[in-house]
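Inside the fold
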Amino acid sequence: MTPSLLEHINQGKYLEVEGLKYFYLDEGKSEEIVVLLHGFMTTSYNYRHMVKNLSKRYRVIALDFLGLGFSSRPETPLSHRVQAFYLYQFLESLTGEKKVHIVTFDYALPIMAFLLKEQSQKIKSLSILGGFLHLPKFKYYFPLHLLRFPIVGDLFSFLFRPPLLRFFYKWFLVKKGHLFPKDWEKTMYLLLFEGEHRKNTLEFIRNVDRSTHALREIEEGVKNLVGLRQIYIGEEDYRISPYQTEYMKETLRTSSLQILPSKHLPMEECPDLVCDKIQYFIDSFAQKKTKTFRFSKEQKE
């Protein structure tokens, strides 16, 4: 185990929800709570820099979805519906009646949409990093589009030893010139492709409901969100098509779009800048004041 991963484990905690254990980080003390949700090819480990930065001002929670990282897996398939169902219970157990600010990355947005469909009152604001909503038209980026195929993906995944894993991240997911820390690729291999992690990672990628029925549920969910929302996308993020970004803006009724100097992993490429933008966004929410006007039908005589 790498020193970085060992530090990550030592800083983490476990919370049991209906017999399933969530691994998560919980740093900082504040009335404002920020929850960081990972997507494909990532875990809570990839938020380590943002947790450290944001926890100076807020209470920050970063968790591993069920079956990923160090969270246990349910007997049911690792679908976005299952993840959303248990995620709400996790948040309710950990934060009680307090509302939270959500930061989603990649595939975490459809998961959050299913939660919003039933429990939108729990969410104060939504920040989207490299996210997508229109699953039927989502184009799996490399190497996901190979990993999602049975047999072929299984065989291909065995090639993901640390050196090759570093190559794929550097070539396809981060900007040219980005430097990962020492043993980073070994850490990601241990989290995603060693032992049972390999099976769970592949299942997480493959169990995506791309039906029109699922799309309608996702649309209903995000439209239930009353709080502020903002989209962040990397200037070189070709993994997410312009169509997906425009669709998110239209569906979320959001015109707020922030461009980041990154490719598809802003939490690794420019975590401090992302934190600054999210902090400004959250603070603008906290300081926002609304006036309530009361009208009376009574007329003075």
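Residues numbered from 1 in each chain as written. Predicted model: local features only at pLDDT ≥ 70, side-chain atom pairs only at ≥ 80, totals over all residues. Heavy atoms only, no water.

Focus: the overall build of the protein
We count it as follows: Counting from the N terminus, the helices are the DSSP runs of H or I reaching at least four residues and the strands are the DSSP runs of E reaching at least two. Each residue is placed in one exposure class: buried if its accessible area under a 1.4 Å probe, protein chains only, is under 20% of its type's maximum, exposed if it is over 50%, and partly exposed if it falls in between. Residues are treated as being in contact if the distance between any of their heavy atoms lies within 4.5 Å. Under the counting rule used here, the positive set is Lys and Arg, the negative set is Asp and Glu, and His together with the chain ends is not counted. Where a charge lies is defined by one atom per residue type: Lys uses NZ, Arg uses CZ, Asp uses CG and Glu uses CD.
A tally of regular secondary structure across the protein gives 13 helices and 8 strands. A buried classification covers 57% of the 301 residues belonging to the protein. Nonlocal contacts in the protein, meaning residues at least 24 apart in sequence, comprise 78% of its contacts between residues at least 6 apart. When the 43 basic and 35 acidic side-chain charges of the protein are each reduced to a single mean position, those positions are 3 Å apart.

Concerning the pattern of salt bridges
The criterion, for reference: The rule for a salt bridge is simple: a side-chain nitrogen of Lys or Arg has to be within 4 Å of a carboxyl oxygen of Asp or Glu.
Applying the stated criterion to the full structure yields 15 salt bridges. For Arg59, the salt bridge identified is with Asp26, shortest N-O distance 2.8 Å. With a gap of 33 residues between them, Arg59 in strand β4 (residues 59–63) and Asp26 in strand β2 (residues 20–27) connect regions that are remote in the sequence. A residue is classified by how much of its surface remains accessible, and Arg59, at 16% relative accessible area, is buried. Notably, a salt bridge pairs Glu32 with Lys124, separated by 3.2 Å at the nearest N-O pair.

Examining the sheet that holds strand β7 (residues 228–234)
Our working definition: For two strands to be treated as a pair, DSSP must find at least two bridges joining them. To get an axis, a line is fitted to the C-alpha atoms, and for a helix only the part in contact is used. The angle between two axes follows their N-to-C directions and goes from 0 to 180 degrees.
Overall, mixed pairing links the 8 strands, which are arranged β1-β2-β4-β3-β5-β6-β7-β8 in an open sheet. The open sheet has two edge strands, β1 (13–17) and β8 (257–260), and neither has a second partner. Recorded for the sheet is a direction-independent mean angle of 25° between the axes of neighbouring strands. Direction of pairing for strand β5 (residues 100–105) relative to strand β6 (residues 123–129): parallel, over a ladder of 6 bridges.

A closer look at the state of the cysteines
Each disulfide is one covalent bond, formed between the sulfur atoms of two cysteines. Using the following cut-off: Here, the term disulfide refers to a pair of cysteine sulfur atoms separated by no more than 2.5 Å.
If you walk through the whole model with that rule in mind, you get 0 disulfides. For Cys270, which is in no disulfide, the shortest distance to another cysteine sulfur is to Cys275 and amounts to 9.5 Å. Taking relative accessible area as the criterion, Cys275 reaches 1% and is therefore assigned buried.

Some points on the pairing of β6
Regular strands have side chains that alternate between both faces of the sheet. Note the following rule: Handedness of a crossover: with both strands directed away from the viewer, a clockwise path from the first strand across the helix to the second marks it as right-handed.
β6 sits mainly inside the fold: 7 of its 7 residues count as buried. As a crossover connection, the stretch from β5 through helix α4 (residues 108–119) into β6 is right-handed. Across 5 bridges, β6 lies against β7 in parallel orientation. When the sheet's bridge partners are listed, Ser125 is paired in β7 with Leu228.

Let's talk about the nonpolar core
We count it as follows: For our purposes a nonpolar core is just a set of buried Ala, Val, Leu, Ile, Met, Phe, Trp, Tyr and Cys residues, chained together by side-chain atoms within 4.5 Å.
In this structure, Leu36, Phe40, Met41, Tyr47, Leu87, Phe90 and Tyr169 are the most contacted members of the largest nonpolar core, which totals 103 residues. When near neighbours in sequence (up to four residues on either side) are disregarded, Phe40 contacts Phe105, Asp106, Tyr107, Phe132, Phe138, Tyr141, Leu144, Phe204, Ile205 and Val208.

Digging into helix α7 (residues 162–173)
Put simply, the test is: By this rule the span expected of a helix is its residue count minus one, scaled by 1.5 Å. Throughout, the arc means that of the directions going from the helix axis to the C-beta atoms.
Between its terminal C-alpha atoms α7 stretches 15 Å, which fits the 16 Å expected from 12 residues at 1.5 Å a residue. For α7, the full list of buried residues reads Pro162, Leu165, Phe168, Tyr169, Phe172 and Leu173. Mapping the buried residues of α7 onto a view down its axis gives an arc of 125°, with all of them on the same face. In α7, the exposed residues that point more than 90 degrees away from the buried face are Pro163 and Trp171.

With respect to the packing of aromatic side chains
Which entries qualify depends on this criterion: Only Phe, Tyr and Trp rings take part, Trp by its six-membered ring, and two of them pair if their centres are within 6.5 Å. Stacked means planes under 30 degrees apart, edge-to-face means over 60, and tilted covers everything else. When the NZ atom of lysine or the CZ atom of arginine is within 6 Å of a ring's centre and also within 35 degrees of its normal, the charge is said to sit over that ring.
Overall, the coordinates contain 26 aromatic pairs when judged by the stated rule. Here the aromatic rings of Phe156 and Phe160 are separated by 5.2 Å at their centres, their planes lie at 80°, and the arrangement is edge-to-face. Note on accessibility: Phe156 and Phe160 belong to one class, buried. Each ring, one from Phe180 and one from Trp184, has its centre 3.8 Å from the other, and the planes form 15°; the classification is stacked. Like Phe180, the residue Trp184 is buried in the burial classification. A connected cluster of aromatic rings, assembled from ring pairs, spans Phe40, Phe65, Tyr107, Phe132, Phe138, Tyr140, Tyr141 and Phe204. A cation over an aromatic ring shows up here: Arg48 above the ring of Tyr45, its NZ or CZ 4.2 Å from the ring centre. Above the face of the Phe158 ring, Arg198 is positioned so that its terminal group lies 4.2 Å from the ring centre.

A look at α4
Between its first and last C-alpha, α4 extends 16 Å over 12 residues, near the 16 Å set by a 1.5 Å rise per residue. When you tally the buried positions in α4, you get 9 out of 12 residues, the bulk of the element. Among the residues of α4, those classed as buried are Ala108, Leu109, Pro110, Ile111, Met112, Ala113, Phe114, Leu115 and Leu116.

Focus: the pairing of strand β3 (residues 33–37)
Counting buried positions over the 5 residues of β3 gives 5, a clear majority of the element. Side chains Ile33, Val35 and Leu37 of β3 all project onto a buried face; the interleaved residues Val34 and Leu36 project onto the opposite face, where all are buried too. Sheet topology note: the β3/β4 ladder contains 5 bridges and is parallel. Note on β4: the bridge partner recorded for Ile33 is Arg59. Chirality of the crossover, the property in question, places the unit of β3, helix α2 (residues 48–54) and β4 among those that are right-handed. Sheet topology places β3 next to β5; 4 bridges connect them, and they run parallel. Paired with Val35 across the bridge in β5 is Ile102.

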